[in-house]
Amino acid sequence: MLACLCTVLWHLPAVPALNRTGDPGPGPSIQKTYDLTRYLEHQLRSLAGTYLNYLGPPFNEPDFNPPRLGAETLPRATVNLDVWQNLSDKLRLTQNYEAYSHLLCYLRGLNRQAATAELRRSLAHFCTSLQGLLGSIAGVMAALGYPLPQPLPGTEPTWSPDPAHSDFLQKMDDFWLLKELQTWLWRSAKDFNRLKKKMQPPAAAVTLRLEAHGF
Amino acid sequence: MGARSSGAESMEPRALLLTQKPEPMALFAFFQTILLLVSLSLRTCQSEVLSEPLPLTPESLDVSINSAQRCLHLQWRVHSLAYHQELKMVFQIEISRINTSNVIWVDYYSTTVKWNQVLHWSWESELPLECATHFVRIRSRVDDARVPEPRFWSNWSSWKEVNEQNSLGHKASSVFPVDKLVEEGSNVTICYISRSHQNNVSCYLDGVRMHVEQLDPNVSAFHVNNVAFVRETGTNIFCEMDPKDDAGTVLFVSKVLEEPKDFSCETQDFKTLHCTWDPGSDTSLVRKQPYQSYTLFESFSGEKRLCEHKNWCDWQIAQDSQEMYNFTLVAENYLRKRSVNILFNLTHRVRPMTPKVFFKNISATNATMTWRVHSTGNHRTLLCQIELHGEGKVIQHNASIKVNGEYLLSELEPDTQYMARVHCGDANHFWKWSEWSGENFTTLEAAPSEAPDVWRDVKSELGNRTVTLFWKPLSKSHANGKIRFYNVIVENLDKPSELEPVPIPAPANHTKLALDQCSYRIHVTANNSVGTSPASVIVISGDPGNQVEEERVNVTADGFSLSWKPQSGDVTGYVVEWCDRPQDGSCDLQWENLGPNTTSTVISSDAFRPGVRYNFRIYGISTKRIAYLLEQKTGYSQELAPLVNPQVVMSNLTSHSFTLSWKDYPTETQRSFIRGYHVYLKPKEGQCHPGFEKAALSDNSVCCKYKIDKPEQKTFVVENLQPESIYEFFVTPFTSVGEGPLDAFTKVTTPDEHSHLLIRIILPTVFCVVLIMIVCYLNSQWMKEKCYPDIPDPYKSSVLSLIKSKENPHLTIMSVKDCIPDAIEVINKPEGSKIQFSGTRNSLTETEITKPAYLYLLPAEKNYSGPGPCICFENFTYNQAASNSGSCGHVPVPPTAPSQRGLLTSLENLLKALEKNYMNSQGEIPAGETTLNYVSQLASPMSGDKDSLPTDPPVPALCSEYKMQMAIPLGLASPPLSENSSVSSVTLLDQGDHHH
């Protein structure tokens, strides 16, 4: 029995779940991406408050819910629960990547139009953070072996005021951009939490079966 | 809301009822037209004079819309006019809203109409045109003097409908005007249009709900008067209704463009005019209106320049030597223009360029400042101001120059940093000073100008003196540079010797010298990099100096007020010295030099603290620079109550008095001058002793107080006390600001009046007893022999051997065990025998031992195997007493044959008797009857030594048949009984401790 125990202990380092010296896999980068989404969520809360105050009432009122008139081009974060649950990892990551690519372009446009220097600084800082999230998602996709979605040439989204748009509609678009961004960050936190759990290795439990010969 | 027309003012509205006609009937119109045509043809042929009035109807009415301006533009023609004919006409225009019957505006437009002329007229609506359908119609009337009266209105044109609501497009609802830009203070009408009928319409202007008026089922409107600027991103207007159909718009409210203020232009180089102004409010709005623009226009040259900056603009001066300039600055935004104008001669707007400054020839007290002003053209004379900043002062000088300036700055302080600056202005037509231009410079060092202030502290020890020289650092104005070292020269006045200067590096402010009892003159100089100061001389005399009595010093609000008696003769000055920190031992010696005519001063210092005693010594300085002590004063800047009480020692305690004494405490620890002491004594039975007075303590308790007025008195005798009484006392100092803290009282008990006598007797007695005991101990052997000698042991007797050898070799010593007793002697205590117990001083005295009674035991001859007759010893260690049972007298024994059995029986009887007696003894023993009964134990044949313990259990044996014995404690048995020991022994017996 002692020999059996020694053999098991000898082979313990070879158990993948217990072997910490090998490739850590995509787990850490998924965790980092998840943490980044939570950080950006927090950062956006402050930025959105400042920006909506800059737009003035009713945009900074908590229960303001205008029709989504000009914001149809924004990537939608809301999705049917069944559809969301059945998303493949690749599709889930691709949707996130594409959404933030578009939102980042729009946000940079928003920054260009901001009137005050402080607001421009805050928006630029957030854009940098969002760029980091995009890179992080790209890293997870690369770790899992998924290719990055390639943007179609000439379809670079822009967030410039539509001449036909009234200024009020333009403000509504700004409002929806920030709201959609917030919804995406909520969703991404759930996406990466789901991925994290999925990628988590099985629990490192080793059962030693000892046969009691002659006992 | 108003109307505009091209080329003519609109007319006042007239009475519409008089001029209006009913709707034209077709027939009437037909005839009228025919009539007009006929008249026109006739006029063409005839003269220019019109003989009858002809109605000319406006035709081709066209209405266009400018939504942004909320304007309706009307244009029409009057076709009926003849070629080249001009006719003065008046047109009436009606505007209806929503439907034709709702006429909201009637206006008249009078003008001269030419043939084929297109006429224009505009009207601005207060309501955005998108909000409602408008209808317009027009009619005309000849108003020319050439046409005779009566003149008739033409027919109305048909209603022209103006509907801008189509702009709603695909949207469900909208708010108008869209992105309207207005100025602060304007009045604005807002409307909300929906496709469905509106219910519960709510509109908000920047979050504030507005009162809404419903124009028709689909349109609501509200009016805002005097709109205010809220933010650059505009004021949001948001409307909602049931069913949910939200819409909004942004009203951009711009601040009112202000006229530029402080507009001026100047030149420095005659090449460029630099124009500046204060722009006032920023009127920019995000995504709506940029920052207001500024344009510079010069009327003489006719040139114009759009300025790139908000508040300044440069204008290039032409080479044609234009002297006069007329500038107009125009500020403009989308809403209005503002302009200001200045006219000036170029030579009157010259501001010299900033001078360039240099310094040269800087010495300890002078410096030369030079500057150059770059070309202002034609060698103009400049007025320059020079400012010298240094030592907290500013000195101003003026100079007139052409291009280069030079100024000598004199009377400067050595080794001092200064800042000198200059600015210049045109001397002929002063406009503005140039910018200041300045530089810092530092003057050079000079030799110190004054001798250092020196003082000394002399301490004598074992014939040697330690002199500590102190000096104060020279003030900046006297040091004239950085003091690098002090030179100390010690000159022996009694033994002339070579003088060696001792350099002491700065910033030291003292040095120690070890001197003998000779007189010394000490020279101290301060040195910087340039030179040496005058020497300060002080003489240390060999004379130890005089002692003076210490006086108290007066304290005023300004400090310690010292005064002294003026010294006649050779006093060159006085010095007052003191320690700033006497409380911590560091002293920090301070001194003050005073002139020879001064006899008082006030000493103050930030270092002075309340409750600290400061000593001041006043010295006179002789012409030989010898300091001699004149007076010594001491005092407190503020006296504080004592913190500690003296340590009081009580002595000489008698039954009627005791003495209190205490020591003085050091003056350094005193927080004020002690004026005396209070002795507090807690009274007995509420009465104070003579000399004491009743006083209340801080804890509200009452006690007796004795006041000692002399602080030097340190003893106090408390008298008139009662013996065997408890007294409590407490001593505290008192000062001008109060007495010491209330401490605990010390208790003392006066002794008994006779106790000392008792002590005088007891002590010698005890001494004597101890002495006797020591003597007895030392002579114990002698005492033993005399008082209780050892019982002789026959076996150890030398007599036996002597007898054996000489007379009978068979002679032996009879063994006791071989002895058959024939009688037991019982000592009967007579009546008079008693044991007396007398209190604690008991004594056991055997008064009388009467003749002993003997009990004879006759031996059986046959069984007798002993060698001879029995010898009986009376052991005095034991007292044998007979029983008082009656049978214990001299018991006659029947002469029966003695046998062992009989012997044993006899012994048993005896023992029974003894036991009985013993049992009785446990009860109360009547005095005088019997005492304790003891049976003597003879020497045991089983042991050679009477002291050894029996190792075998007691077996009845001959001559050792005592079954019971009672041992008296050693104390009782011992012959030298002390009184005390006997007491304790008897007490033990009395308590019933018995040993078998």
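Residues numbered from 1 in each chain as written. Chains lettered and ligands numbered in written order. Predicted model: local features only at pLDDT ≥ 70, side-chain atom pairs only at ≥ 80, totals over all residues. Heavy atoms only, no water.

Student: Where do I start with the overall build of chain B in this structure?
Tutor: Scanning chain B from terminus to terminus reveals nine helices and 58 strands. Evaluated residue by residue, chain B yields a buried proportion of 39% over its 996 residues. Just so you have it, chain B exposes about 56300 Å², and 53% of that area is on carbon and sulfur atoms. (Helix = DSSP H or I, 4+ residues; strand = E, 2+ residues; numbered from the N terminus. Buried < 20%, exposed > 50% of the residue type's maximum accessible area, 1.4 Å probe, protein only. Areas by Shrake-Rupley, 256 points an atom, 1.4 Å probe, with all protein chains shown as cover.)

Student: I'm lost on the overall build of chain A in this one. Help?
Tutor: Counting its secondary structure elements, chain A contains six helices and zero strands. Each helix and strand of chain A, ordered N terminal to C terminal, gives the series α-α-α-α-α-α. Counting across all 215 residues of chain A, residues that qualify as buried make up 41%. Long-range pairs, those at least 24 residues apart, make up 84% of the contacts in chain A with a sequence separation of at least 6. Counting only carbon and sulfur atoms, one obtains 58% of the accessible surface of chain A, whose full area is about 12200 Å². (Contact = heavy atoms within 4.5 Å.)

Student: Looking at this model, I keep getting lost on the nonpolar core. Mind explaining?
Tutor: Soluble globular proteins tend to bury their nonpolar side chains together. Of all hydrophobic cores here, the largest spans 55 residues; its most connected members are A:Tyr100, A:Leu107, A:Phe126 and A:Leu130. The set of elements that each furnish at least two residues to this core consists of α2 (27–55), α4 (89–113), α5 (117–144) and α6 (167–199) of chain A together with β18 (247–254) of chain B. The residues contacting A:Tyr100, other than those within four sequence positions of it, are A:Leu130, A:Leu133, A:Leu134, A:Ile137, A:Leu181, A:Trp184, A:Leu185 and A:Ser188. In this structure, B:Trp471, B:Tyr486, B:Cys518 and B:Ala526 belong to the second largest nonpolar core, which totals 28 residues. (Core = buried A, V, L, I, M, F, W, Y, C linked by side-chain atoms within 4.5 Å.)

Student: When you look at the environment of B:Thr659 in this model, what are you seeing that I'm missing?
Tutor: Residue and element names in this part refer to chain B. Checked against the element boundaries, Thr659 lands in strand β49 (residues 658–662). Among the residues examined, Thr659 registers a relative accessible area of 13% and is labelled buried. Taking the C-alpha atoms as reference points, Thr659 and Val649, ten residues apart in sequence, are found 8.1 Å from one another. Not counting residues up to four positions away in its chain, the partners in contact with Thr659 are Val649, Met650, Ser651, Asn652, Phe716 and Val717.

Student: Looking at this structure, how should I read the packing of α5(A) against α6(A)?
Tutor: Packed helices, taken two at a time, are described by the angle between their axes plus the distance between the axes. Residues and elements named next belong to chain A. Two numbers describe how α5 lies on α6: the axes approach to 13 Å, and their chain directions differ by 30°. In terms of orientation, α5 lies roughly parallel with respect to α6. Of the two elements, α5 crosses α6, and the hand of that crossing is left-handed. Facing Phe126, Leu130, Leu133, Ile137 and Leu144 of α5, the residues of α6 in contact are Leu181, Leu185, Phe192 and Met199. Along the lines of polarity and charge, the residues of the contact of α5 with α6 split into nine nonpolar, no polar and no charged. (Axes fitted to C-alpha atoms, helices over the stretch in contact; angles between N-to-C directions. Parallel < 35°, antiparallel > 145°, perpendicular 65-115°, else oblique. Left-handed = near helix turned anticlockwise from the far one by under 90°. Nonpolar A, V, L, I, M, F, W, Y, C, P; charged D, E, K, R; others polar.)

Student: Explain the interface of chain B and chain A here, please?
Tutor: Note: interface size is frequently given as the accessible area lost on complex formation between the parts. Every contact between the two is made by 19 residues of chain B and, on the other side, 20 residues of chain A. Between chain B and chain A, the buried area comes to about 1400 Å², and carbon and sulfur atoms account for 57% of it. Among the residues chain B hides against chain A, the three largest losses belong to B:Asn236, B:Phe238 and B:Arg287. Together they make up 39% of the total. In this structure, the connection of chain B to chain A is made through two salt bridges. B:Arg287 is paired through a salt bridge with A:Asp167; the nearest N and O atoms lie 3.4 Å apart. At the boundary of chain B and chain A, one finds eight residue pairs in polar contact (both at pLDDT 80 or more). Among the elements of the structure, β17 (235–242) and β18 of chain B are those that each provide at least two residues to the side of chain B that touches chain A. The dominant element in the side of chain B that touches chain A, judged by the number of residues it contributes, is β18(B), at five residues. Its residues assigned to classes, the side of chain B that touches chain A shows seven nonpolar, six polar and six charged. (Buried area = accessible area lost by both parts, 1.4 Å probe. Salt bridge = Lys/Arg side-chain N within 4 Å of Asp/Glu carboxyl O. Polar contact = N/O pair within 3.5 Å; in protein donor to acceptor, adjacent residues only side chain to side chain.)

Student: What should I look at first to understand the sheet that holds strand β21 (residues 293–298) of chain B in this one?
Tutor: The strands that make up a sheet pair up through hydrogen bonds in the backbone, lying either parallel or antiparallel. All names here are of chain B. With antiparallel pairing, four strands are arranged side by side in an open sheet as β22-β21-β24-β25. Whereas interior strands pair on both sides, the edge strands pair on one side only; in this sheet they are β22 (303–307) and β25 (337–345). Direction aside, the axes of adjacent strands within the sheet are offset by 20° on average. With five bridges connecting them, β21 and β22 associate as antiparallel partners. Bridging from a neighbouring strand, Phe297 pairs with Lys304 of β22. (Pairing = 2+ DSSP bridges.)

Student: Is there a simple way to explain the packing of aromatic side chains in this structure?
Tutor: To describe a pair of aromatic rings, you give the distance between the ring centres and the angle between the ring planes. Residues and elements named next belong to chain B. Inspection of every chain in the model, using the stated rule, returns 41 aromatic pairs over all chains. Between Phe263 and Trp277 the ring centres are 6.2 Å apart and the planes differ by 70°, which places this aromatic pair in the edge-to-face class. Here Phe263, found in strand β19 (residues 261–267), pairs with Trp277, found in strand β20 (residues 272–278); they are 14 residues apart in sequence, far enough to count as distant. Relative to Trp433, the ring of Phe430 has its centre 5.0 Å away and its plane inclined at 70°; by these criteria the two rings are edge-to-face. Classification of Phe430 as partly exposed rests on a relative accessible area of 43%. (Phe/Tyr/Trp six-rings, centres within 6.5 Å; stacked < 30°, edge-to-face > 60°.)

Student: Would you mind showing me how to read the sheet that holds β20(B) here?
Tutor: All names here are of chain B. Reading across the sheet, the three strands line up as β19-β20-β23 and stay open at both edges, with antiparallel pairing between neighbours. The open sheet has two edge strands with one neighbour each: β19 and β23 (312–316). If you compare each strand with its neighbour and ignore which way they point, the axes differ by 20° on average. In the sheet, β20 pairs with β23 via five bridges, with the strands oriented antiparallel.

Student: Looking at this structure, how should I read the state of the cysteines?
Tutor: Cysteine pairs can be covalently joined through their sulfur atoms, and such a bond is termed a disulfide. Residue and element names in this part refer to chain B. Taken as a whole, this structure holds seven disulfides over all chains when the rule is applied. A sulfur-sulfur distance of 2.0 Å marks the disulfide that ties Cys265 to Cys275. Its S-S torsion of about 110° marks the bond between Cys265 and Cys275 as right-handed, since a negative value means left-handed. Here Cys265, found in strand β19, pairs with Cys275, found in strand β20; they are ten residues apart in sequence, far enough to count as distant. Each member of the pair, Cys265 together with Cys275, is buried. (Disulfide = S-S within 2.5 Å.)

Student: How should a nonpolar patch on the surface be read in this particular structure?
Tutor: All names here are of chain B. Nonpolar side chains collect at one region of the surface, where Leu758, Ile761, Ile762, Val766, Val770, Ile774, Tyr777 and Leu778 lie side by side and expose about 830 Å² of accessible area between them. If you trace the backbone, Ile762 turns up in helix α4 (residues 755–778). Taking relative accessible area as the criterion, Ile762 reaches 42% and is therefore assigned partly exposed. (Patch = residues over 30% accessible without salt bridge, like charges linked within 9 Å, V, L, I, M, F, W, Y side chains within 5 Å.)

Student: Explanation requested: the side chain of B:Ser437 in the structure shown.
Tutor: Residues and elements named next belong to chain B. For Ser437, the location among the structural elements is in strand β32 (residues 437–442). According to the relative accessible area criterion, Ser437 is buried, its value standing at 12%. Reaching out from Ser437, the side chain makes a polar contact with the backbone oxygen of Pro355 at a distance of 2.7 Å. Those residues in contact with Ser437, other than ones at most four positions away along the chain, are Thr354, Pro355, Lys356, Val357, Ala420, Arg421 and Val422.

Student: Help me understand the pattern of salt bridges in this model?
Tutor: Opposite charge on two side chains makes pairing possible when the charged atoms of those side chains draw close. Evaluation of the coordinates by the stated rule reveals 28 salt bridges over all chains. When the shortest N-O distance is used, the salt bridge between B:Arg287 and A:Asp174 registers 3.6 Å. In this pair, B:Arg287 sits in the loop between β20 and β21 while A:Asp174 sits in helix α6, so the two residues belong to two different chains.

Student: How do you make sense of the pairing of strand β42 (residues 559–563) of chain B when you look at a structure like this?
Tutor: Looking down a regular strand, the side chains alternate between one sheet face and the other. All names here are of chain B. Taken together, the three bridges between strand β41 (residues 554–556) and β42 define a ladder with antiparallel strand orientation. Within β42, the residue paired with Asn554 across the bridge is Ser561. As judged from the four bridges shared by β42 and strand β45 (residues 600–603), these two strands associate in the antiparallel manner. Bridging across to β45, Leu562 finds its partner in Thr601.

Student: Teacher, can you tell me more about the confidence of the model for chain B here?
Tutor: In low-pLDDT regions, the fine details of the predicted coordinates are not to be read closely. All names here are of chain B. Looking at chain B as a whole, the pLDDT averages 77, with 73% of positions reaching at least 70. Within the model, the stretch residues 831–907 combines pLDDT values under 50 with 134 contacts to residues more than four positions away or in other chains. Here the predicted complex scores 0.57 on pTM and 0.79 on ipTM. (pLDDT = per-residue confidence, 0-100.)

Student: Please clarify how the side chain of B:Ser173 should be interpreted in this entry.
Tutor: All names here are of chain B. Position of Ser173 among the secondary structure elements: in strand β10 (residues 173–176). In this structure the side chain of Ser173 is engaged in a polar contact, spanning 2.8 Å, whose partner is the side chain of Asp245. Among the polar contacts made by the side chain of Ser173, one reaches the main-chain carbonyl oxygen of Asp246 at a distance of 3.5 Å.

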